[in-house]
Amino acid sequence: MKVHFRIRRFNPERDPHPYWADYHIEADPFDRVLDGLHHIKWYLDGSLALRRSCAHGICGSDAMLINGRNRLACKVLIRDVGRRITVEPLRGLPVIKDLVVDMEPFFAQYRAVMPYLINHDPPPARERRQSPEERARFEDTTKCILCAACTTSCPIYWADGEYVGPAAIVNAHRFIFDSRDQAAAERLTILAQRSGVFRCRTVFNCTDACPRGIQVTRAIQEVKRALLGRL
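Residues numbered from 1 in each chain as written. Predicted model: local features only at pLDDT ≥ 70, side-chain atom pairs only at ≥ 80, totals over all residues. Heavy atoms only, no water.

Enquirer: Before we go on, may I ask you to explain the overall build of the chain in this structure?
Expert: On a plain count of helices and strands, the chain comes out with nine helices and seven strands. Expressed along its principal axes, the backbone C-alpha trace of the chain runs to roughly 60 × 35 × 30 Å. Classification of the 231 residues of the chain by burial places 48% in the buried group. The contacts in the chain between residues at least 6 apart in sequence include a share of 63% that link residues at least 24 apart. Only carbon and sulfur atoms are counted for the fraction: they give 52% of the accessible area of the chain, which is about 11800 Å². Put simply, the chain has 35 plus and 27 minus side-chain charges, and the middle of one group is 2 Å from the middle of the other. (Helix = DSSP H or I, 4+ residues; strand = E, 2+ residues; numbered from the N terminus. Buried < 20%, exposed > 50% of the residue type's maximum accessible area, 1.4 Å probe, protein only. Contact = heavy atoms within 4.5 Å. Areas by Shrake-Rupley, 256 points an atom, 1.4 Å probe, with all protein chains shown as cover. Lys, Arg positive; Asp, Glu negative; His and termini not counted. Charge placed at Lys NZ, Arg CZ, Asp CG, Glu CD.)

Below is the structure:
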């Protein structure tokens, strides 16, 4: 089948403004959007810049805007998005070149919520035990792959770069509700700030964008309730 790719391109070192570039390729309906982008880069225009690594939906490095929705290019089949495919870089992050964005602001917000286990007790002789029910409390938020699809689909994040964003809250949730962790109060204090969880307006874009099916908005609401319970 013939497929028309329309790609938003921009090289800040050369171009005064972003522009659209059009490419026409032959593709199989079961090819992925990533395969189409590879064909363009390898056979039509080697100057196209995109980021990808595992290409199997695990690393999350090929998150981009495909026909108006944040998706992983390696998980979207061409047959599911049609013969005209518009591809743009993630919104809300600086563009380095074409489809490659600077992820550092995103990871700075992720690091701010201390996304790691904190326990000041002496290490036990064996593992730190946890019941299945305790584990189930945060099971959903362990699935995050840090692709930034949720955060960069959030209109609050587009308008306020100070907002920590859905992904940081999801990763804070993963440890706030972990029975083995001892720093939930510190994380909640961070998320109670002006840039924290109450900036969320429950738009649900984040949940729709998550390629792992995480109930992002529900996790944000659970963190809000945990904070309100402290008041």
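Enquirer: What is the right way to read the nonpolar core from this model?
Expert: Generally speaking, nonpolar side chains in soluble globular proteins are found buried as a group. Residues Phe-5, Ile-7, Val-33, Leu-37, Ile-85 and Leu-191 are the most contacted members of the largest nonpolar core, which totals 65 residues. Broken down by element, the residue count for this core peaks at six residues, all from helix H6 (residues 166–176). Among all residues touching Val-33, those that are not within four sequence positions of it are Phe-5, Ile-66, Ala-73, Val-76, Ile-78, Val-81 and Ile-85. (Core = buried A, V, L, I, M, F, W, Y, C linked by side-chain atoms within 4.5 Å.)

Enquirer: Any chance you could explain the pairing of strand S5 (residues 84–88) here in plain terms?
Expert: In this sheet, S5 lies alongside strand S1 (residues 2–9) in parallel orientation, the contact comprising four bridges. Bridge assignment links Phe-5 to a residue of S5, and that residue is Ile-85. (Pairing = 2+ DSSP bridges.)

Enquirer: How should the pairing of strand S4 (residues 69–72) be read in this particular structure?
Expert: Remember that side chains alternate between the two faces of the sheet whenever the strand is regular. Across the two faces of S4 the burial differs, with Asn-70 and Leu-72 buried and Arg-69 and Arg-71 not buried at all. Following strand S3 (residues 63–66), the chain reverses through two residues before pairing antiparallel with S4; Asn-67 in that reversal takes a positive phi of roughly 50°.

Enquirer: Even after reading the chapter, I still don't get the packing of aromatic side chains, so can you show me in this structure?
Expert: Aromatic rings in a pair are described by how distant their centres are and how their planes are angled relative to each other. Under the criterion given, the structure shown has two aromatic pairs. Measuring from ring centre to ring centre gives 5.2 Å for Phe-106 and Phe-107, while their planes differ by 75°; the resulting arrangement is edge-to-face. Of the aromatic side chains, those joined through ring pairs into one cluster are Phe-106, Phe-107 and Tyr-110. The aromatic ring of Trp-158 is capped on one face by Arg-91, whose charged end is 5.6 Å from the ring centroid. (Phe/Tyr/Trp six-rings, centres within 6.5 Å; stacked < 30°, edge-to-face > 60°. Lys NZ or Arg CZ within 6 Å of the ring centre and 35° of its normal.)

Enquirer: I'm lost on the sheet that holds S5 in this one. Help?
Expert: Strand pairing in a sheet relies on backbone hydrogen bonds. The paired strands run either parallel or antiparallel. In space, the five strands of this open sheet follow the order S2-S1-S5-S3-S4, with mixed pairing throughout. Each edge of the open sheet is held by one strand with a lone partner, namely strand S2 (19–26) and S4. Recorded for the sheet is a direction-independent mean angle of 35° between the axes of neighbouring strands. Bridging between S1 and S2 involves eight bridges; their strand directions are antiparallel. Looking at S2, one finds that Phe-5 is bridged to Tyr-23. Strands in contact with helix H1 (residues 33–44) are S1, S2, S3 and S5; relative to S2, the strand with the most contacts, it is inclined by about 95°. (Axes fitted to C-alpha atoms, helices over the stretch in contact; angles between N-to-C directions.)

Enquirer: I'm lost on helix H9 (residues 216–228) in this one. Help?
Expert: In an α-helix there are 3.6 residues to a turn, and that puts residues three or four apart on one side. In a regular helix each residue adds 1.5 Å, so 13 residues correspond to 18 Å; H9 covers 19 Å between its end C-alpha atoms and thus fits that length. Buried within H9 we find Val-216, Thr-217, Ala-219, Ile-220, Glu-222, Val-223, Lys-224 and Leu-227. The elements touched by buried residues of H9 are H6, helix H7 (184–191) and helix H8 (205–209). (Expected span 1.5 Å × (residues − 1).)

Enquirer: Just checking my understanding: could you explain unusual backbone geometry for this structure?
Expert: In this model, Asn-67 sits at a positive phi of 50°, which is unusual for a non-glycine residue. The residue Asn-67 is located in the loop between S3 and S4 in this model. A positive phi angle, near 75°, is found at Phe-204, a position not held by glycine. Tracing the chain through its elements places Phe-204 in the loop between H7 and H8.

Enquirer: So what exactly am I meant to see when it comes to the side chain of Asn-119 here?
Expert: Assignment of secondary structure puts Asn-119 in the loop between helix H3 (104–112) and helix H4 (132–136). Take Asn-119: its relative accessible area is 19%, and that puts it in the buried class. Side chain to side chain, Asn-119 and Arg-128 meet in a polar contact 3.4 Å long. Of note is the side chain of Asn-119, whose polar atom sits 2.6 Å from the backbone oxygen of Arg-180. Leave out the neighbours within four places in its chain, and Asn-119 touches Arg-128, Arg-180 and Gln-182. (Polar contact = N/O pair within 3.5 Å; in protein donor to acceptor, adjacent residues only side chain to side chain.)

Enquirer: Would you explain the side chain of Thr-152 in this entry?
Expert: Looking at the element boundaries, Thr-152 is found in the loop between H4 and helix H5 (155–159). Owing to a relative accessible area of 1%, Thr-152 belongs among the buried residues under this scheme. Beyond its immediate chain neighbours, meaning those up to four positions away, Thr-152 contacts Asn-70, Leu-90, Arg-91, Leu-93 and Trp-158.

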